[in-house]
Amino acid sequence: MFFSLIAIAAVIALFVIVSRQQNRIALVERELGVLRGLVQSGASLSAPKAADATQEGLPEEANAAVAPAARSADGVAEEIAAKPEAAEQAAAAGPWTKAQAAAAQSAGPSEPVSATETPGAEPPAPAKAARQSDVETALGTRWAVWVGGIALALGGLFLIRYTIEAGIFGPGVRLTMAGVLGLVLVGGAEFIRRTGFKVPVQGAAGAYIPAILTGTGAFILFGTVYAAHGIYGFIGPATAFVLLGAIGVATIGASLLHGLALAGIGLVGAMATPALVASQAPNPWALFVYLAIVLAATAAIARIREWRALVAAAFAGTGIWTILYMVDAPDVNLAAVLFISLATLAVLAFVWLGLFLVTGRDDAARGFDWPSIVPGFFIALSALGLSVDPAFANAGDALHGAVLLAALVAVALYRPRALPLVFAAGVATVLIYLGIIPPATIGANALDVGLDAQPLASSDTLTFRIGIALGLIFLAAGFLAARRFAATASLRAACWAAWGVIAPLTALTALWLTFGDIDRDLGYALPALLLVLAFAAGGEWIARAEEPPLAGGPAVSFALGGAGVAGLLMLHMAFGSGWTTMLLGAAALVPALATRWRSYPVLGWVAAGAAVAVLARVAFDPTIVGAAFLSRTPVFNRLLPGYGVPALAFGFAAWQLARTTSGRPRLAMEAASALFALLTIAMLVRHAMHGGVIDTGTVTLAEQAIYTLIALGAGAMLVAIDMRSPSSVLRYGSMAAGVISAGLIAVQHFVVLNPLLTDESTGAVPVFNLLFLAYLLPAIAAGALALYVRDKRPRWYAAMLALVASLLAFAYATLSVRRLFKGEFIALWSGLGQLETYTYSALWLVIGVALLTAGVWLKSQVLRIASAVLIAVAVLKVFLFDMSELEGVLRALSFIGLGAVLIGIGLFYQRLLTRAARKG
């Protein structure tokens, strides 16, 4: 205890010494300012008077520093008097800023300019202080003060502990001593502040001693009150609650004088008070009224000092207490929860954001207030709990959650900088209404969504009505705010328009899937149609407020995009499966035709969105009307309009967009039109070849051959169209069709569906059989396409097609020989005969020579390389296989034929090279 008292006395003495030194240094600074003013004015100053002025009330060190300055000032003054032109040089060379030098030059000798009169001017720091190292400054100023404050707080606690262990004083005396120590520290801090304390050393501003002493005193007072209640029971919970709250609020208020750190200490103490005070019958109203007062006081102080982190922490503490009360309290008082949530929004709107209007710093057109994220999150979480938790929702408390969501939207609309609130309300609304959808409706039974595959949120009449009300609130507020900011803040307007669309669409979809008939429900189709009209009209209304008008900015894009989605829902709700696909395709014409009157960029993308919707629809049900209702009549069935109408509509939309807005949406529609044209042919072929069934049965080689021919034909068609109307979609689409065709041939024709491996029947007809359809026709098509694109597409693409054509022709010839010897079924496991083996060697040589001839004639290096490869294969076969398998005359003929062919090829190349040399 004795050493603790000595330490406290030493600290107090240190504070007194520092204060005196500060006064002396301030006096030196004032005297230097006077001397500088005299130098600038050009007045004479005698050394004795300067010496007297400097010696009065100054220590010896200060006199030693000021006397030379006074003598030099006298000399400068005399020089200025003798040479007036030297005044300008002195003014320019003085130790002041450029602005001061300019003012001195313009003023002249008769108009002195003092450094102390220039705003923001500061006397130069002493040379000795400038030479101090950063380590010395940190150790001697900041760390010493910080550690000293912590030592004082711990010393007070240790002192109380020592008296307890030693039994020197009773509990009442000990608590009184602790309270007096806390008050003494707070009073000492105020005394030091009022005596003109300031930090003279650069880098030591963070070690503000009055603030540290005040924080230490507040810490001790908090501990004293808590000990009086929680340990000794001297005071009741109500008194302790009031005292702790008063200390916390007073500490926050004192932060106006002492800084943010003290405000943080006070806020932590104030927020911890309810947890420190235990009560047998807790009163939620007392808790939330207290939190509202602390929150309001903190927000007001934070607004004055621009402490955003402090107000965010205050909002977080209030929100955490609210969530803890809702989770732990056995009987939740919903009125109290509603009160603290609305009080939080009121503090945000009228205290924290309201003073923007008073100070003139409200900039509604730019940025947002990030501390608003915190109350938005916690209030939206509270609303979500009231709407989803069965303990609240079953009792009809979802109405309270809806009130909170509407309040979030209202505050965000009233205070534009509180934009995060509308995001919080929108996300909560979407989660609530996605949660009411029964899992069976969306095919999620296997996932066991919710409890026993039940919806995550309750669905009743109240939920239905609230969904309608919230949808209208978001729609009205979103479009009103979007029009308000359309000309000045396009991003803010887009955010409002987005939630004005998302929330109503989510609510309508969830209510339809929960309460309506999924197959067809005109009762929900009518509201969807109304949303289409409202969104389209709202987009036009917003566009007229833009600068320049009718520019079709992001907010308009969200509104018209929402109209497109609402139209999609309307068609699904109003029509059956077959009509929906066709009408969705035809709906792409509406935004494309609208580009005749409005050049909004979003209109083309709405048309492209319709194409994506149709594609998703046919992927879900490729039979268009369902397998049970699809007619078995070839060609003229529901597949023709189901795929053909969208193909025609997309093509017309692309034509229209090419004449108005053009751009990438046009390319997307061209691609969609080409894709659906191919799908129409492919689906009709599959339907015909499978007896009217397209969703079952494996793909045969004949069917795959038709698909390959379609793909090759589509590639040629796209190239032809691209040559007449250049388009990057057509260019890359044609190449994609060729690459896909090559891939299908390599995988399906040569491996998966090869009759050598599957033993599929090749047909009874000798020539026009499966081999003709699956190999010869694709070879001709690929070769013709390779010739057609030689000068229209990259060389590698034409070379790839030529190689594919060569391989298909080789496969057709080889398999035809196999069929000649084996008949209708040509599987490998039926074995090889000697004559058949020899025939393959002869055939491959003939084909190699033919490829060589064609390569030379067409000047195709690919065909010549293919010829060389094939002849090399024939050579290997003759030497490795025929030599061991053939006998007699066949073996001899095999080698004779090979030799003759190779010699002939050699002569041919020699003649060819000779001609080239002569021409060269």
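Peer 1: Could you give me a rundown of the overall build of the protein, with the residues and numbers involved?
Peer 2: Helix and strand counts for the protein stand at 36 helices and 0 strands. A buried classification covers 44% of the 920 residues belonging to the protein. Expressed as a percentage of contacts within the protein between residues at least 6 apart in sequence, the contacts between residues at least 24 apart total 70%. Accessible surface, the protein as shown: approximately 45,100 Å² in total, 69% of it carbon and sulfur.

Peer 1: How would you summarise helix α26 (residues 601-620) if you had to cite specific residues and measurements?
Peer 2: Because an α-helix packs 3.6 residues into every turn, residues spaced three or four apart end up facing the same way. Look at α26: 30 Å from first C-alpha to last across 20 residues, which is about the 28 Å you get at 1.5 Å a residue. Taken together, the buried positions of α26 are occupied by Val602, Leu603, Gly604, Ala607, Ala608, Ala610, Ala611, Ala613, Val614, Arg617 and Val618.

Peer 1: Can you explain the packing of helix α30 (residues 728-752) against helix α33 (residues 795-822)? Please cite residues and give values.
Peer 2: Where α30 contacts α33, the two axes come as close as 11 Å, and the packing angle between them is 25 degrees. Judged on the interaxial angle alone, α33 and α30 are roughly parallel. Crossing hand, α30 versus α33: left-handed. Across the interface between the two elements, Ser734, Met735, Gly738, Val739, Ala742, Ile745 and Phe750 from α30 touch Trp796, Tyr797, Met800, Leu801, Val804, Leu807, Leu808 and Ala811 from α33.

Peer 1: With reference to specific residues and values, describe the packing of aromatic side chains.
Peer 2: Across all of its chains, the model carries 12 aromatic pairs by this definition. Taken together, a centroid distance of 5.5 Å and an interplanar angle of 50 degrees make the contact between Trp285 and Phe339 tilted. Separated by 54 residues along the polypeptide, Trp285 in helix α12 (residues 284-305) and Phe339 in helix α14 (residues 334-352) bring together distant segments of the chain. Here Phe339 falls in the partly exposed class, since its relative accessible area comes to 29%. Here the aromatic rings of Phe288 and Tyr325 are separated by 5.3 Å at their centres, their planes lie at 85 degrees, and the arrangement is edge-to-face. Placement of the pair is Phe288 in helix α12 and Tyr325 in helix α13 (residues 308-328), with a sequence separation of 37 residues. Of the two residues, Phe288 and Tyr325, neither departs from the other in class, the shared state being buried.

Peer 1: Requested: an account of the side chain of Ser673, with residues and values cited.
Peer 2: As for its position among the elements, Ser673 is in helix α28 (residues 664-689). Each residue touching Ser673, except ones within four places of it in the same chain, is listed here: Ala647, Phe650 and Gly651.

Peer 1: Mind laying out the pattern of salt bridges, listing which residues take part and the relevant values?
Peer 2: Under the defined criterion, the tally for this structure stands at 6 salt bridges. The salt bridge partner of Arg598 is Glu540, with a shortest N-O separation of 2.8 Å. Note that Arg598 is positioned in the loop between α25 (589-594) and α26 and Glu540 in helix α22 (residues 522-543), a separation of 58 residues in sequence. The residue Arg793 makes a salt bridge to Asp722 at a minimum N-O spacing of 3.2 Å. Here the residue Arg793 occupies a position in the loop between α32 (770-788) and α33, and Asp722 occupies one in helix α29 (residues 701-724), the gap between them amounting to 71 residues. For Arg793, a relative accessible area of 5% gives the class buried. Under the relative-accessibility criterion, Asp722 is labelled buried at 8%. Each of the salt bridges in this network shares a partner with another, and the network as a whole consists of Glu540, Arg544 and Arg598.

Peer 1: Please provide a residue-by-residue account of the packing of α13 against helix α16 (residues 373-388), values included.
Peer 2: Two elements in contact, α13 and α16, have axes separated by 8 Å at closest approach and are oriented at 15 degrees. The angle between α13 and α16 falls in the class roughly parallel. For the element pair α13 and α16, the recorded crossing hand is left-handed. Residues Ala312, Phe315, Ala316, Gly319, Ile320, Thr322, Ile323 and Met326 of α13 form the contact with α16, whose own contacting residues are Val374, Pro375, Phe378, Leu381, Ser382 and Leu386. A class-by-class count of the residues in the contact of α13 with α16 yields 11 nonpolar, 3 polar and no charged.

Peer 1: Can you break down the nonpolar core residue by residue, with the values?
Peer 2: Among the nonpolar cores identified, the biggest contains 136 residues, and Trp496, Phe535 and Met669 are the most heavily contacted of them. The greatest single-element share of this core, amounting to 13 residues, is contributed by helix α21 (residues 490-515). Apart from the residues within four sequence positions on either side, Trp496 is in contact with Val409, Ala412, Leu413, Leu419, Val422, Ala477, Gly478, Ala481, Ala482 and Phe485. Counting 32 residues, the second-largest nonpolar core is a separate cluster that includes Leu756, Leu801, Ala811 and Ile826.

Peer 1: Could you give an account of the confidence of the model for the protein, naming the residues involved and the relevant values?
Peer 2: Overall, the predicted model of the protein reaches an average pLDDT of 74, with 65% of residues at or above 70. In the model, residues 1-18 has pLDDT below 50 throughout and makes 7 contacts with residues more than four positions away in sequence or in other chains. Across residues 135-143, confidence stays below pLDDT 50; counting only partners more than four residues off in sequence or on other chains, it has 14 contacts.

Peer 1: Explain a nonpolar patch on the surface residue by residue, including any values.
Peer 2: Taken together, the side chains of Val747, Val751, Val752, Leu757 and Leu828 make up a nonpolar region of the molecular surface, amounting to roughly 440 Å² of accessible area. A per-element tally of the nonpolar patch places α30 first, with 3 residues. Secondary-structure assignment places Leu828 in the loop between α33 and α34 (834-858). Overall, the relative accessible area of 52% leaves Leu828 in the exposed class.

Peer 1: Provide a residue-level description of the environment of Pro549, including the pertinent values.
Peer 2: Residue position: Pro549 is located in the loop between α22 and α23 (554-574). Once the C-alpha coordinates of Pro549 and Ala487 are considered, the two residues, 62 residues apart in sequence, prove to be 8.6 Å apart. Discounting residues that sit within four places of it in the chain, Pro549 has contacts with Ala543 and Arg544.

Peer 1: Just give me the short version of the environment of Val804, but keep the residues and values in it.
Peer 2: Its location among the elements puts Val804 in helix α33. With a relative accessible area of 12%, Val804 lands in the buried category. Through-space distance from the C-alpha of Val804 to that of Ala779 is 7.2 Å; in sequence the pair is 25 residues apart. Ignoring sequence-local partners within four residues, the contact set of Val804 consists of Ala742, Ile745 and Ala782.

Peer 1: If you had to explain the side chain of Gln656 to someone new, which residues and values would you point to?
Peer 2: Following the sequence through the fold, Gln656 ends up in helix α27 (residues 639-658). A distance of 3.0 Å separates a polar atom in the side chain of Gln656 from a polar atom in the side chain of Arg596.

Conventions adopted
- Residues numbered from 1 in each chain as written.
- Predicted model: local features only at pLDDT ≥ 70, side-chain atom pairs only at ≥ 80, totals over all residues.
- Heavy atoms only, no water.
- Helix = DSSP H or I, 4+ residues; strand = E, 2+ residues; numbered from the N terminus.
- Buried < 20%, exposed > 50% of the residue type's maximum accessible area, 1.4 Å probe, protein only.
- Contact = heavy atoms within 4.5 Å.
- Areas by Shrake-Rupley, 256 points an atom, 1.4 Å probe, with all protein chains shown as cover.
- Expected span 1.5 Å × (residues − 1).
- Axes fitted to C-alpha atoms, helices over the stretch in contact; angles between N-to-C directions.
- Parallel < 35°, antiparallel > 145°, perpendicular 65-115°, else oblique.
- Left-handed = near helix turned anticlockwise from the far one by under 90°.
- Phe/Tyr/Trp six-rings, centres within 6.5 Å; stacked < 30°, edge-to-face > 60°.
- Salt bridge = Lys/Arg side-chain N within 4 Å of Asp/Glu carboxyl O.
- Nonpolar A, V, L, I, M, F, W, Y, C, P; charged D, E, K, R; others polar.
- Core = buried A, V, L, I, M, F, W, Y, C linked by side-chain atoms within 4.5 Å.
- pLDDT = per-residue confidence, 0-100.
- Patch = residues over 30% accessible without salt bridge, like charges linked within 9 Å, V, L, I, M, F, W, Y side chains within 5 Å.
- Polar contact = N/O pair within 3.5 Å; in protein donor to acceptor, adjacent residues only side chain to side chain.

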